[in-house]
Amino acid sequence: MEKMRNLSVRKTIFLYMTVALFCSFFLSAAIVRIASRAQLRIWWNYADQEAYFRAVEQEGVGKDIARPGAFEMTRRDLFWSELCDFLQTYTILILSMAGSCAAVFLFYRNKLQKPVKELALASKRIGENDLDFHITYQSGDEMGALCVEFERMREQLAENNRILWKSIEEEKLLRAAIAHDIRAPLSILKGYLEMLTEYLSNAEIDAEGAMEMLSESESQVERMDTFVETMRKMSSLENRKLVGRKISAKRLEADIRAELAALEKEYGKASVLQGAAPEKLFFGDREVILEVIENLLSNAFRYGKHQVEIRIRVEEAELTVSVRDDGDGFLENAETVMEAFRQQNMKDSLKHAGIGMYLCRLYCEKHGGKLILENDKQKGAVATATFHRIA
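Residues numbered from 1 in each chain as written. Predicted model: local features only at pLDDT ≥ 70, side-chain atom pairs only at ≥ 80, totals over all residues. Heavy atoms only, no water.

Peer 1: What is the right way to look at the packing of helix H7 (residues 249–267) against helix H8 (residues 286–303) in this model?
Peer 2: Geometry of a packed helix pair, given as the angle between the helix axes and the separation of the axes. Between H7 and H8, the shortest axis-to-axis distance is 10 Å and the interhelical angle comes to 30 degrees. In terms of orientation, H7 and H8 fall into the roughly parallel class. Crossing of H7 against H8: the hand is right-handed. Across the interface between the two elements, Arg-251, Leu-252, Asp-255, Ile-256, Glu-259, Leu-260, Leu-263, Glu-264 and Tyr-267 from H7 touch Arg-286, Ile-289, Leu-290, Ile-293, Glu-294, Leu-297, Ser-298, Phe-301 and Arg-302 from H8. (Axes fitted to C-alpha atoms, helices over the stretch in contact; angles between N-to-C directions. Helix = DSSP H or I, 4+ residues; strand = E, 2+ residues; numbered from the N terminus. Parallel < 35°, antiparallel > 145°, perpendicular 65-115°, else oblique. Left-handed = near helix turned anticlockwise from the far one by under 90°. Contact = heavy atoms within 4.5 Å.)

Peer 1: Sorry, what's going on with unusual backbone geometry here?
Peer 2: Apart from glycine, the bulk of residues carry a negative phi angle, and the bulk of peptide bonds sit in the trans form. Of note, the phi angle at Asn-129 is positive, near 60 degrees, even though the residue is not glycine. Tracing the sequence through the fold places Asn-129 in the loop between helix H4 (75–127) and helix H5 (142–201).

Peer 1: For this particular structure, what's the right way to read the nonpolar core?
Peer 2: In globular proteins that are soluble, nonpolar side chains generally tend to be buried together. Among the nonpolar cores identified, the biggest contains 39 residues, and Leu-252, Leu-296, Leu-297 and Leu-319 are the most heavily contacted of them. Breaking this core down by element, the ones donating at least two residues are H7, H8, strand S4 (307–314), strand S5 (318–325), helix H10 (356–366), strand S6 (370–375) and strand S7 (381–388). The biggest single contributor to this core is H8, with nine residues. Ignoring any residue separated from it by four or fewer positions in sequence, one finds Leu-252 in contact with Ile-247, Ile-289, Leu-290, Ile-293, Ile-312 and Leu-319. The next biggest cluster of nonpolar side chains, apart from the first, holds 13 residues, and it includes Tyr-16, Ala-103, Leu-112 and Cys-147. (Core = buried A, V, L, I, M, F, W, Y, C linked by side-chain atoms within 4.5 Å. Buried < 20%, exposed > 50% of the residue type's maximum accessible area, 1.4 Å probe, protein only.)

Peer 1: So what exactly am I meant to see when it comes to the packing of aromatic side chains here?
Peer 2: Two aromatic rings are characterised by how far apart their centres lie and by the angle between their planes. Applying the stated criterion to the full structure yields four aromatic pairs. Ring geometry for Tyr-16 and Phe-107: centres 6.2 Å apart, planes at 75 degrees, overall edge-to-face. Taken together, the residues Tyr-16 in helix H2 (residues 9–44) and Phe-107 in helix H4 connect sequence positions 91 residues apart. Just as Tyr-16 is buried, Phe-107 falls in that class too. (Phe/Tyr/Trp six-rings, centres within 6.5 Å; stacked < 30°, edge-to-face > 60°.)

Peer 1: Sorry, what's going on with the sheet that holds S5 here?
Peer 2: Each strand in a sheet pairs with its neighbour through backbone hydrogen bonds, running either in the same direction (parallel) or in the opposite one (antiparallel). Sheet architecture is open: five strands sit in the order S2-S4-S5-S7-S6, paired in mixed fashion. A strand with exactly one partner marks an edge of an open sheet, and here the two such strands are strand S2 (270–274) and S6. Ignoring strand direction, the axes of neighbouring strands in this sheet form an average angle of 15 degrees. As paired strands, S2 and S4 are joined by five bridges and run parallel to one another. Paired with Ser-271 across the strands is Val-308, a residue of S4. Running over the sheet, H8 touches S2, S4, S5, S6 and S7 and is turned about 15 degrees from S5. Against the sheet, H10 engages S6 and S7, with an angle of about 135 degrees to S6. (Pairing = 2+ DSSP bridges.)

Peer 1: Teacher, can you tell me more about the pattern of salt bridges here?
Peer 2: Close approach of charged atoms allows side chains with opposite charge to pair. Scanning the model with the defined rule gives 16 salt bridges in all. Its salt-bridge partner being Asp-328, residue Lys-305 comes within 3.3 Å of it at the nearest N-O pair. You can see Lys-305 sitting in the loop between H8 and S4 and its partner Asp-328 sitting in the loop between S5 and helix H9 (334–337), a full 23 residues away along the chain. Taking relative accessible area as the criterion, Lys-305 reaches 41% and is therefore assigned partly exposed. Within the structure, one salt-bridge network assembled from shared partners comprises Arg-251, Asp-255, Arg-286 and Glu-287. (Salt bridge = Lys/Arg side-chain N within 4 Å of Asp/Glu carboxyl O.)

Rendered as structure tokens:
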């Protein structure tokens, strides 16, 4: 039964029609034979039986019974005789048509009815923007394959809706963060300007106090400049197209070592790099990959205590970069850490807008990969970025 269920649509309809026509012909032959014998029995009642037997004895072979005239037979016998004529003439045609109709009906009921109903219901629910369902029909035929593709389409639509909803939520958070991050330095600057305007006109403030206010105002301006630059990066990210080029593991390691040298000097911490085989090649956007690595290294050096470890794995289809520090690890879950304008330490430098991990996640996803954040079993944070090969 399972083998029959997995037959292709073409083979199934061919099988149904073959069986239907075979049964129709067999049954037609039986009915024609029965009708012919019944008709002969009716005619025999009106035949000259003695003359018939004499003719058979003289010729030694059987002879056909002569058909009596319509006026000779009773009304009942005439009806049955003509019915037998009709059956002998049209039985095969009628039963062939009936068998074909039955084959089509059974084929639709057993092969098409369930998947067609499921697909029609699925189309209706998708049209109503209801994606919380599954297509359960399973078969090895074309309809089963169609249902599998339809289910895959539903899953993709659901995933697209989830991504769209997530982007809407992120946009709301971004608008709130923008309003907060702009309002805070503007309020501070406004307060300093009011103080300077009031006290300088009355000569009630010394030069040292005025310079301190101006210095703090300069810091707030720098903070706003950092924020504007961050927003510029975010706005250009969506329209940025990836440019795939060959990247050798040797070249990538050299770029990372150059970045490590600058970070070691800035933060006074050590680093360990475990590179891939120099002959390994990867096809991807070098600028995007290096920007992600720089963000991850900068974050690790800021929060690490003594040493940062970097591991590179280069394969033909995937590039993986793992950065581990010996700090206190992530104090929040990965989803929260990768939100825009999220800082683990609120007293962090004004040069950091709390968007590094967010950009890293977006860059990884744009490159077909993902960013995984987790805490090491011993201690410290581990950030792993994967990039898929650009076709």
